[in-house]
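The primary structure of each chain is shown beneath.
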Amino acid sequence: MPGVLQDLSDAMANAAETVGQSIVRVEGRKRLAGTGVVWSADGVIVTAHHVVHKESGIEIGLPDGSIASASLVGRDPSTDLAVLRAETNSLTAPAWGEIDSVKVGQLVLALGRPGKFVQATLGVVSALGQGWRTPPGGQIDRYLQTDVLMYPGFSGGPLVSAGGEVIGLNSSALLRGVSVALPVPTIRRVVESLLQHGHVRRGYLGVAAQPVRLPEALQEQLGQETGVLLVSVEAGGAADQAGLALGDTIVALDGQPVRHMDDLLNLLTGERIGVSVPVKIARGGQLQDMAVTVGEHA
Amino acid sequence: MSDIVRQLDDELAGIVAAVRLCLVQVRYRDRSLGAGTIWHADGLIVTNAHVAQRGGLTVTLPDGQTLPARLLARDPDCDLAALSVEAHDLPAIPLGDSRTLCPGDWVMALGHPWGALGAVTAGIVVGMGADWPEILPGRNDWLVASLHLRPGHSGGPLVDAQGKLVGINTLMNGPDAGVAIPVHVAARFLKDALDDERRRAQPEAHVQAAGDPGPRYI
């Protein structure tokens, strides 16, 4: 007699079947294929950067078993994401689930299409944390860790809720030894940037810096203990043109406090490129307000 | 919320208790070689070819009774073997349909990992079919599940969410993937094995079957 377990089993298998219609095989490197998720019906596919070695002549295995050719739109190694455009109009985008609905302990499936057919593994959401930065410097909106197993060829595949929504993209290359998924807001931000510019735009000042403790007088005046000291200023770079010099300590940018390197990197977003923003520095024990026109990271 | 979890727990316990009645040990003298699954009440037991590699095997039933077993058939290609014991009214496992399983479906494997009798591991179906270039050789159909098979699970049952047999555990692949022979493959193997057995027992019937296809009913 069918019971709760059969219902659960059916629900998970249905979720795998539904989302399976939106996942494709990505043959973009010599050996093992990867998995990709349909972003839009007109052929845009999002996958993991590390499974795409080629820029053109990439083969996409569609859910109906046919093969479409695709080319690279752009890639962002810092978040391990790549966007491809396949020559087909017959794709179906999945339902995307917002990160606010994700809870620790909920059941999730990881799906992959390393061969012709969809494969699935089961797990739970193990941890959900604040924003974090990947080792290569990518900004991820929320830390989303699961205990799902990544079989060969699962990279770039979706993390799916029991309700059949895609709540993240799995990558085995972001952190070693842990299954971390990219949450939907990060995917959306990176994909939109890749579609528009071919890469993820990051602001650039042309400085090397390190965090330092501020003199006590300034600590009291600013209400912050640290700032970032410029240890090198690139000649002709944005900071140089603005008059910033070796030995200056940045304490605020665009009205936001700069205490650590992460604060500064987080403020150098794509929207600030080409914009003149106020920068507050400590020079010779005195605070000064200047303006810098943020450059673009090559 | 906790109601559904308790319901799930009770149901799982019930399924496991029922399936355990159909789970046997395959032994040689005082050594346990693996598990076996009671296929038919009249003493037909199915296990792996790599478990039943020799004569002189015995089968220990869940009630502790140990019986001598006769090797009926063995096929190393699909890693199946059929054993027969002199017994009747054994609890045969209900058969499920491995061809309707999908990735994501719930499955459980029973066996005797490291000698722990009747142990259970649960997971989901990863995939089905013969297309496993990275994992498995050959052209046979396989059923791959995300669960922890260990030595001692071999020959034991893999059951679905209703406790029906969908596969025979055969091997582990890496720490976290278990491979089973789908029940439709096992059924075909047993049918061939039993047909051969009947032919050996009744040579006349064998001749007749080969020469005369018999009436064709419409």
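Residues numbered from 1 in each chain as written. Chains lettered and ligands numbered in written order. Predicted model: local features only at pLDDT ≥ 70, side-chain atom pairs only at ≥ 80, totals over all residues.

1. Regarding the overall build of chain B
Secondary structure summary: chain B contains 3 helices and 12 strands in total. Across the 218 residues that make up chain B, the buried fraction comes to 42%. (Helix = DSSP H or I, 4+ residues; strand = E, 2+ residues; numbered from the N terminus. Buried ≥ 20, exposed ≤ 12 C-beta atoms within 10 Å, placed from the backbone.)

2. Description of the pairing of strand β4 (residues 58-61) of chain A
As a general feature of sheets, a regular strand has side chains that alternate between the two faces. All names here are of chain A. Both strand β1 (residues 23-27) and β4 contribute to a ladder of 3 bridges, which runs antiparallel. Bridge assignment links Val26 to a residue of β4, and that residue is Ile60. Inspection of the sheet shows β4 paired to strand β5 (residues 67-76) by 4 bridges, in the antiparallel sense. Paired with Glu59 across the strands is Ser69, a residue of β5. (Pairing = 2+ DSSP bridges.)

3. Some points on the pairing of strand β11 (residues 165-173) of chain B
Residue and element names in this part refer to chain B. In this structure, strand β10 (residues 157-159) lies alongside β11, joined through 3 bridges in antiparallel fashion. Residue pairing in the sheet places Val159 in a bridge with Leu165 of β11. Between the antiparallel neighbours β10 and β11 lie 5 residues, among them Gly163 with a positive phi of about 80°. Direction of pairing for β11 relative to strand β12 (residues 177-182): antiparallel, over a ladder of 6 bridges. Within the sheet, the bridge partner assigned to Asn173 lies in β12 and is Ala177.

4. Quick notes on the interface of chain A and chain B
With 25 residues of chain A at the interface, the matching set in chain B holds 22 residues. Counting residues per element, the ones that place at least two in the side of chain A that touches chain B are α1 (4-20) and β8 (119-128) of chain A. Among the elements that line the side of chain A that touches chain B, the one with the most residues is α1(A), at 10 residues. Across the side of chain A that touches chain B, the residue classes tally to 17 nonpolar, 6 polar and 2 charged. (Contact = placed C-beta atoms within 7 Å. Nonpolar A, V, L, I, M, F, W, Y, C, P; charged D, E, K, R; others polar.)

5. Quick word on the nonpolar core
Counting 117 residues, the largest nonpolar core has A:Ala16, A:Ile45, A:Leu109, B:Ile45, B:Leu143 and B:Ala145 as the members making the most contacts within it. The element contributing the most residues to this core is α1(A), with 6 residues. Among all residues touching A:Ala16, those that are not within four sequence positions of it are A:Leu109, A:Leu111, A:Val118, A:Ala120, B:Cys102, B:Pro103 and B:Gly104. Membership of the second largest hydrophobic core comes to 23 residues, among which are A:Val233, A:Ile250, A:Val279 and A:Val292. (Core = buried A, V, L, I, M, F, W, Y, C linked by C-beta atoms within 7 Å.)

6. Considering the confidence of the model for chain B
Residue and element names in this part refer to chain B. In this model, chain B carries a mean pLDDT of 86, and residues with pLDDT of at least 70 account for 86%. Considering each helix and strand of chain B separately, the mean pLDDT is smallest for helix α3 (residues 203-211), with a value of 44, and largest for β10, with 97. Interface confidence in the predicted complex, given as ipTM, is 0.73; pTM for the same model is 0.77. (pLDDT = per-residue confidence, 0-100.)

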